Each structure stands twice: as structure tokens, then as C-alpha cells.
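# Understanding the architecture of this molecule
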Amino acid sequence: MSLFSSLKSMFSTDTTPAAPSVMDSEEYRGFTITPAPMADGSQFRVNGTIEKGEQSHAFIRADVLATKDECGREMLRKAKLMIDQVGDSLFK
């Protein structure tokens, strides 16, 4: 690797986000929750979907966690809390 390539990689500002990695879905009170942690640097951002029938809600939060599995569990926890609080009005 040349010196120029090394310097370029150090100062690279590639901000293209990695595709979320979809995890197994879980059913909760008639809703389908699908965690999809999104890589954010060396951490993972809480991301996924909440669906019921033909309706879908993109669920993304500012929280970042160290591992993909931990992030998936946190997404499920937060999605269940949201479902308990707002129910079907989530899709309005």
C-alpha cells in the first residue's frame, strides 16, 4: 500500500451507510416486529419495522449499542413499549 493510499484511507469521509442486517421477526399483540440493526461506525443503531396487516411503520432511533444482538433486543423492547402506548394509532 502506498503512502498516498494510506493517507487517503485515514481521511476518507465515506458516509455511505451499510445496509441494515434483518433479524428474526417476533409477533407481539397482533403486530410483527422485525429488528434490523444498522451499522453506525463500530456500533449499531436501533432500527427495524413494525407491521400489522398491510400497514408498516419504519422504526429508527438515535440509540447506538455495541453489538448487533444487543441492538436487536433493544429494538424489540422499545417497539413493544410503543405498541403498548399507542397501539393501532402508530399507523396514523
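Further up the page is the structure itself.
Residues numbered from 1 in each chain as written. Predicted model: local features only at pLDDT ≥ 70, side-chain atom pairs only at ≥ 80, totals over all residues. Heavy atoms only, no water.

### Some thoughts on unusual backbone geometry
Put simply, the test is: Runs of H or I in DSSP of at least four residues are treated as helices and runs of E of at least two as strands, each being numbered from the N terminus.
Despite not being glycine, R29 shows a phi value in the positive range, around 50°. Note that R29 resides in the loop between β1 (26–28) and β2 (31–35).

### A closer look at the nonpolar core
Short version of the rule: Put simply, buried Ala, Val, Leu, Ile, Met, Phe, Trp, Tyr and Cys residues joined by side-chain atoms within 4.5 Å make one nonpolar core. Each residue is placed in one exposure class: buried if its accessible area under a 1.4 Å probe, protein chains only, is under 20% of its type's maximum, exposed if it is over 50%, and partly exposed if it falls in between.
Judged by nonpolar contacts, the single largest core of 15 residues is most densely connected at I33, V46, I50, F59, M75 and I83. Listed by contribution, the elements that provide at least two residues to this core are β2, β4 (43–52), β5 (55–65) and α2 (68–86). Sorting elements by how many residues they give to this core places α2 first, with six residues.

### A word on the environment of D69
Within the secondary structure, D69 sits in helix α2. The exposure class assigned to D69 is partly exposed, which follows from its relative accessible area of 46%. Note: C-alpha distance between D69 and P35 (34 residues apart in sequence) is 9.6 Å.

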